[in-house]
Amino acid sequence: MAAAEAAAGFATSFAYSTQSNGNLRSQAVPCPQIRWDTFYKPLNSRRTSASNQRLCLKCESASQNLNSIDKEESKRSNAIALEQLKASAFDRYTKEKSSIIVIGLNVHTAPVDVREKLAIPEAQWPQAISDLCALNHIEEAAVLSTCNRMEIYAVALSRHRGVKEVTEWMSKISGVPVSELCQHRFMLYNKDATRHLFEVASGLDSIVLGEGQILAQVKQVKKLGQGVAGFNRKIGGLFEHAIITGKRVRTETSISSGSVSVSSAAVELALAKLPDSSYATVRVLVIGAGKMGKLVIKHLAANGCKEMVVVNRTEEKVAVIREELKDIQIVYKPLSEMMGCAAEADVIFTSTASETPLFLKEHVQTLPADTEMARRLFIDISVPRNVEPCVSDLGTAEVYNVDNLKDVVAANKEDRLRKAMEAQAIISKELQNFEAWKDSLDAVPTIKKLRAYLERIRASELDKCLSKMGDITDKQKKTIYDLSMGMMKKFLHGPMQQLRCDRRSDCQKPEEMLEIMHAVNRMFDLETEIILETVRTKMERTKK
């Protein structure tokens, strides 16, 4: 009875998985039916022993069949699981191709009270890169943080997941809620992101069109990023091409020439009126150290003026400017000494909020005429005017006011707009160069894996051949080796030509090259290795 009960378990059906037309389905397979009354007899019968033996054999056979089916089922399950893993990974990392993204806020999209919360000092840029690359879907990153912008450039394994992670990171470091960030942020992808950085480096996205300081800041991003894990080939190449673009725009269009602010126009106008077009030998007086006065002083320093006298109601503002411009000799004088200072000056800039003129005709008429110039030069950028208009009637004085300067500024702005259109043509060309370079990088893993794949086959077949040939000379071995290498190189030549761009005139279009790359991956089953390498690199970086 015990034997019958033990064997009864094998009479039940068991299920296993089969694959039909690519679909997974479950199929019930019944055990052969066993007539238990044939085997179950009184124990003292001779047939009982024989029957028990046959029963054991059948049970053992059924058990072996089950084990065999279990193994086959396990193999099929493993194969299916591998295909699903490859498919999911391929979807995640290959079909959804990694994207260059930029997420940020700038002077055009966000007020200063939001931008200042997100500002990251230069010294913290390397750490910010490391933190960003620790995010699950960010491979590479860079930070561009200035007074007018805070922008994150990244290579994301998944565009949408990457944007989400970076936005949450920005919220975390700034304390600004994600909902508020989303109101002010801008996002650009791939070519649009690249064009944006090229325009930034060229000064086309600045408040003052064509200003040159931003190019120096882009250079600083690349300088501080070098050697930092996460500032890798794509992001490094992106900023390198941006710097090249910015230099070309400035050199070939001269977009930064010509003043586009009243303060800079005032300084350049005065410079043009000087005998030697130099501030080196003239005495300069600046009246007023407010916002406009400070800009005048800075532009004077930038144009080679090393000494100047500044008249202001209090010394505090002058002291702050002196601290910023330590290489410039700035002498403070109170407003009560204005006329005495004017008597010793060749060029006088006025920028105060006085509602009445500071210099009347009778005042200027009494000033000594012993200056370096034929006539004392007044540059009045104040509204209301600080210099009485009739002062220009005197033969010893020459007066320019803000209206004279606005004409110069307007003409320069129109000129810069024309140059900006020329700059766009340069940017478009450099964008093509960068995209071609970037697409060639996408083929590098495929080229390396294909070469390694064929090298393994060549080495294996060479060993088999030499082992079969027995005792042969070194010269014969070298001949066979050279033959195997020559065959492999000739076999690789065609695929390599198609996968490489190398600045050939007949270079494949990016979409054609990517199609060829994926075809090669599928033919030689290289996708799994490339995907695993990407994931492995990401995991190793996360552990560090």
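So, here is what we can say about the structure in this document. Once a new chain begins, its residue numbering starts again from 1 and follows that chain's sequence as written. Restriction of local features to residues with pLDDT of at least 70 applies here, the model being predicted, together with a cutoff of 80 or more for giving and counting side-chain atom pairs; totals for whole chains, interfaces and linings are based on all residues. Only hydrogens and water are set aside; all other atoms, that is, all heavy atoms of the structure, feed into the side-chain values.

## So, the overall build of the protein chain
To keep things clear, this is the line we draw: Put simply, DSSP marks the helices as runs of H or I at least four residues long and the strands as runs of E at least two long, and each gets a number from the N terminus on. To sort residues, take the accessible area from a 1.4 Å probe on protein chains only and compare it with the maximum for the residue type: under 20% means buried, over 50% means exposed, and anything in between is partly exposed. Contacts between residues were defined by any pair of non-hydrogen atoms, one from each residue, lying within 4.5 Å. Here the accessible surface of atoms and residues is derived via Shrake-Rupley with a 1.4 Å probe, and residues count as covered only by protein chains that are part of the display.
For the protein chain, the count of helices and strands is 19 helices and 12 strands. Out of the 544 residues belonging to the protein chain, those deemed buried represent 42%. Within the protein chain, contacts between residues at least 6 apart in sequence are counted, and of these 69% link residues at least 24 apart. Carbon and sulfur atoms make up 53% of the accessible area of the protein chain, which amounts to about 29,900 Å² in all.

## Section: the layout of surface pockets
Our working rule: Cavity means a closed set of points on a 1 Å grid over the protein atoms alone, one where a 1.4 Å probe fits but cannot get out, pocket means an open set with protein on both sides within 12 Å along at least 5 of 7 lines, and lining means a residue has an atom within 4 Å of a point. Grid points are joined across faces, edges and corners, and a volume is the space filled by probe spheres set on the points. Ten residues, namely Ala, Val, Leu, Ile, Met, Phe, Trp, Tyr, Cys and Pro, are considered nonpolar, four, namely Asp, Glu, Lys and Arg, are considered charged, and the remaining ones, Gly among them, are considered polar.
As a volume, the second largest pocket reaches approximately 770 Å³. If you go around the second largest pocket, you meet 26 residues; those closest to its centre are Val208, Glu211, Gly212, Gln213 and His299. For the lining of the second largest pocket, the elements supplying multiple residues, two or more each, are α9 (213–225), α11 (262–273) and α12 (291–302). By residue class, the composition of the lining of the second largest pocket is 7 nonpolar, 15 polar and 4 charged.

## Side note on the packing of α11 against α12
What counts, and what does not: Fitted lines through C-alpha atoms serve as axes, helices being fitted only where they are in contact, and the angles separating the N-to-C directions of these axes extend from 0 to 180 degrees. Should an angle lie under 35 degrees it is considered roughly parallel, over 145 roughly antiparallel, and from 65 to 115 roughly perpendicular; all remaining angles are considered oblique. Left-handed describes a crossing whose near helix is turned anticlockwise from the far helix through less than a right angle; right-handed describes the clockwise counterpart.
Contact pair α11 / α12: the axes reach a minimum separation of 9 Å and the direction vectors enclose 45 degrees. Taken together, the axes of α11 and α12 are oblique relative to one another. Our pair here, α11 against α12, has a crossing hand that is right-handed. Note on element contacts: α12 touches α11 through Met292, Leu295, Val296, His299 and Leu300, opposite Val262, Ser263, Ser264 and Val267.

## A short note on the sheet that holds strand β4 (residues 138–145)
Applied cut-off: At least two DSSP bridges between two strands are needed for those strands to be called paired.
Taken together, the 4 strands give an open sheet; going across it, the order is β4-β5-β3-β6, and neighbouring strands pair in antiparallel fashion. With one partner strand each, in any of the chains shown, β4 and β6 (186–189) form the two edges of the open sheet. Put simply, the sheet's adjacent strands are angled 15 degrees from each other on average, direction ignored. In this sheet, strand β5 (residues 149–156) lies alongside strand β3 (residues 99–106) in antiparallel orientation, the contact comprising 8 bridges. Paired with Ile101 across the bridge in β5 is Ala154. The strands touched by α9 within the sheet are β4 and β5, with β4 carrying the most contacts at an inclination of about 145 degrees.

## A short note on α12
Note the cut-off: A helix is expected to span 1.5 Å multiplied by its residue count minus one. The arc in question is formed by the directions pointing from the helix axis toward the C-beta atoms.
Under the 1.5 Å per step criterion, the end-to-end length of α12 is 17 Å for 12 residues, consistent within 8% with the ideal 16 Å. Residues Gly293, Val296, Ile297, Leu300 and Ala301 constitute the buried set of α12. Along the axis of α12, the buried residues cluster in a sector spanning 135 degrees; they form a single face. Exposed and oriented more than 90 degrees from the buried face of α12 are Lys291 and Ala302. Positive phi appears at Gly304, one or two residues downstream of α12, with a value of about 95 degrees.

## Re the environment of Arg375
To keep things clear, this is the line we draw: Under this definition, polar contacts are N or O atom pairs within 3.5 Å; protein pairs additionally need one hydrogen-donor-capable and one acceptor-capable atom, and for neighbouring residues in sequence, both atoms have to be side-chain atoms.
Relative to the elements of secondary structure, Arg375 occurs in the loop between α15 (361–365) and β11 (376–380). Separated by 29 residues in sequence, Arg375 and Asp346 have C-alpha atoms that sit 8.1 Å apart. When near neighbours in sequence (up to four residues on either side) are disregarded, Arg375 contacts Leu394, Gly395, Thr396, Ala397 and Glu398. At a separation of 3.3 Å, a polar atom in the side chain of Arg375 contacts the main-chain carbonyl oxygen of Ala397.

## A few points about the packing of helix α5 (residues 125–133) against α9
Close contact between α5 and α9 brings their axes to 9 Å; oriented N to C, the two are set at 70 degrees. With respect to α9, the element α5 is oriented roughly perpendicular. α9 is crossed by α5, and the crossing has right-handed handedness. Between α5 and α9, the contacting residues are Trp125, Pro126 and Ile129 on the first element and Gln220, Val221, Leu224 and Gly225 on the second.

## A word on the nonpolar core
The cut-off we apply is this: We call a set of buried residues a nonpolar core when its members are Ala, Val, Leu, Ile, Met, Phe, Trp, Tyr or Cys and they connect through side-chain atoms within 4.5 Å of each other.
Within the largest apolar cluster, 59 residues are counted, with the highest numbers of intra-cluster contacts made by Tyr153, Met170 and Phe239. Of all hydrophobic cores here, the second largest spans 34 residues; its members include Leu274, Phe349, Ile381 and Val409.

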